[in-house]
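Analysis of the macromolecular model
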Amino acid sequence: MATPVSAAPSKRKSKLERWSGIPYVLPSFGVLLLIAIIPIIYTVYLSFTEYDVLSDPSWVGGANYEKLINDAKFWAALKNTVIYTVFTVPLQIFIPIVLADLLSRTKEKWLSGFVRSVLFVPVVASLILVGTVWRFMLSGDTGFFNSILGYLGVDPVNFLGHPTWAMAVVITVSAWKNIGYFLVLFYAGVLDIPAERYEAASVDGAGPVQQFLHITLPGLRPVTLLCVILSTIWSFQVFDLVYIMTGGGPGGATTTIVMAIYQQGFKLFQMGSASAIAMVLLVIIIVFSALQKALMKDGEN
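Definitions and limits used
Residues numbered from 1 in each chain as written. Predicted model: local features only at pLDDT ≥ 70, side-chain atom pairs only at ≥ 80, totals over all residues. Heavy atoms only, no water. Helix = DSSP H or I, 4+ residues; strand = E, 2+ residues; numbered from the N terminus. Rg over C-alpha atoms; globule rule 2.2 N^0.38 Å. Buried < 20%, exposed > 50% of the residue type's maximum accessible area, 1.4 Å probe, protein only. Contact = heavy atoms within 4.5 Å. Areas by Shrake-Rupley, 256 points an atom, 1.4 Å probe, with all protein chains shown as cover. Lys, Arg positive; Asp, Glu negative; His and termini not counted. Charge placed at Lys NZ, Arg CZ, Asp CG, Glu CD. Phe/Tyr/Trp six-rings, centres within 6.5 Å; stacked < 30°, edge-to-face > 60°. Lys NZ or Arg CZ within 6 Å of the ring centre and 35° of its normal. 1 Å grid on protein atoms, 1.4 Å probe; cavity = no way out; pocket = protein on both sides within 12 Å on 5 of 7 lines; lining within 4 Å. Points joined across faces, edges and corners; volume = space filled by probe spheres on them. Nonpolar A, V, L, I, M, F, W, Y, C, P; charged D, E, K, R; others polar. Salt bridge = Lys/Arg side-chain N within 4 Å of Asp/Glu carboxyl O. Axes fitted to C-alpha atoms, helices over the stretch in contact; angles between N-to-C directions. Parallel < 35°, antiparallel > 145°, perpendicular 65-115°, else oblique. Left-handed = near helix turned anticlockwise from the far one by under 90°. Arc of directions from axis to C-beta.

1. Focus on the overall build of the chain
- Scanning the chain from terminus to terminus reveals 14 helices and 2 strands.
- Taking 19 Å as the expected radius of gyration for a compact globule of 301 residues, we find that the chain reaches 26 Å, considerably beyond that expectation.
- Across its three principal axes, the chain shows a C-alpha extent of roughly 105 × 70 × 30 Å.
- Taking all 301 residues of the chain together, 36% fall into the buried category.
- Sequence-distant contacts in the chain: of pairs separated by 6 or more residues, those separated by 24 or more amount to 66%.
- As displayed, the chain offers around 18100 Å² of accessible surface, 70% of which is attributable to carbon and sulfur atoms.
- The chain carries 19 positive and 17 negative side-chain charges, and their two centres are separated by 10 Å.

2. Overview of the packing of aromatic side chains
- This model, assessed by the stated rule, comprises 18 aromatic pairs.
- Clustering of aromatic rings is evident, with ring pairs tying together W134, F144, F145, F159, W165 and W176.
- The ring of Y187 is capped by R116, whose NZ or CZ atom sits 4.1 Å from the centre of that ring.
- Lying over the aromatic face of F136, R135 brings its terminal NZ or CZ to 5.3 Å of the ring centre.

3. Let's talk about the environment of V130
- Relative to the assigned elements, V130 resides in helix α6 (residues 127–137).
- The spatial distance from the C-alpha of V130 to the C-alpha of I233 is 20 Å, given a sequence separation of 103 residues.
- Not counting chain neighbours up to four residues away, the residues in contact with V130 comprise P122, A125, V173, W176, K177 and L241.

4. Comments concerning the layout of surface pockets
- Counted as a void, the largest pocket has a volume near 380 Å³.
- Around the largest pocket, the lining comprises 15 residues; the ones closest to its centre are T43, I261, A274, A278 and L281.
- Those elements that provide at least two residues to the lining of the largest pocket are α2 (22–46), α13 (257–267) and α14 (271–300).
- Looking at which element gives the most residues to the lining of the largest pocket, the answer is α14, with 8 residues.
- Class assignment of the residues belonging to the lining of the largest pocket gives a composition of 12 nonpolar, 3 polar and no charged.

5. Observations concerning the pattern of salt bridges
- Applying the stated criterion across every chain, the model contains 1 salt bridge.
- Across the salt bridge formed by D101 and R105, the nearest N and O atoms sit 3.1 Å from each other. With D101 and R105 both in helix α4 (residues 72–105) and 4 residues apart, the pair spans about one turn of that helix.
- On the basis of relative accessible area, R105 is assigned to the partly exposed category, the value being 33%.

6. Some details on the packing of α6 against helix α8 (residues 163–192)
- Orientation of α6 relative to α8, taken along the N-to-C sense of each, is 135°, at an axis distance of 11 Å. The orientation of α6 relative to α8 falls into the category oblique. In this structure, α6 crosses over α8, and the sense of that crossing is right-handed. Contact residues: L127, V130 and W134 in α6; V173, W176 and K177 in α8.

7. Considerations on helix α10 (residues 208–219)
- Within the span of α10, buried status applies to Q211, F212, I215 and T216. Looking down the long axis of α10, one finds its buried residues gathered within 125° of arc, a one-sided arrangement. Counted as exposed and oriented over 90 degrees from the buried face of α10: V209 and H214.
- Lining the buried residues of α10 we find α4, α8 and α9 (195–203).

8. As for the packing of α4 against α10
- Running from N to C, α4 and α10 point in directions that differ by 115°, and their axes come no closer than 12 Å. The pairing of α4 with α10 is recorded here as roughly perpendicular in orientation. Remark: the crossing between α4 and α10 carries right-handed chirality. Note on element contacts: α10 touches α4 through P208, Q211, F212, T216 and L217, opposite I97, V98, D101 and R105.
- Among the residues forming the contact of α4 with α10, the class breakdown is 5 nonpolar, 2 polar and 2 charged.

Structure representation (structure tokens):
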């Protein structure tokens, strides 16, 4: 008669296998804990205190958040950030999708590679460099664009000194810088769509536009979700480009939430208020990302 095998050793082995990966994860988790989790927890604490860096934080409860509710500058910065995001995200999504579809259809592969390489150059360029170059190109009478307008007999435009023009310019430059990054993602997504779908659609008489609407866009849904979330997060966190090009001006017309955090924390040394704004920004990003993910999932059903 066969002796029954005990299940205890196998259970013990499965538990050991389940926890065997922890030592490999600990170093990365330690780095994440130090540079992300602990700072976030400390920022939450500071948002409930009054702290000027020179003295110890003093607990004030929800006073910083109450102050934000009545702070016109905060609401103006939030409005500017929302406007920036509403215009920047569609530009950074729609243009790369169209370019990716067109480049995937071209028979000249060298042209596709050349265009992607050229558009990717701004992506690897420093934001400080990009902002500085565009600021000089858009400056007063001696700027590149105003020089061209002068040759054409058109009065110079104060691109960075007019509230409407300043925001439009920042949006345009930001979209221009990131288009190459999203183009690479969408191009890879288009190539991942089975060619048989396009061939069958062509046999059925579908043109390029119909194929784009009914094959390319649905096939790019997962990539689009990723790009929309990334673009939204980056848009809400915009700082470098605005700081270099306009400094938040004119008259606060391009001041964003992160710019407001910088001003409160490193100019006025009100770290409690700056931390409260940072927490509001974190909540906004989490909510927007969750909503976008939910909407994209509903669209798949």
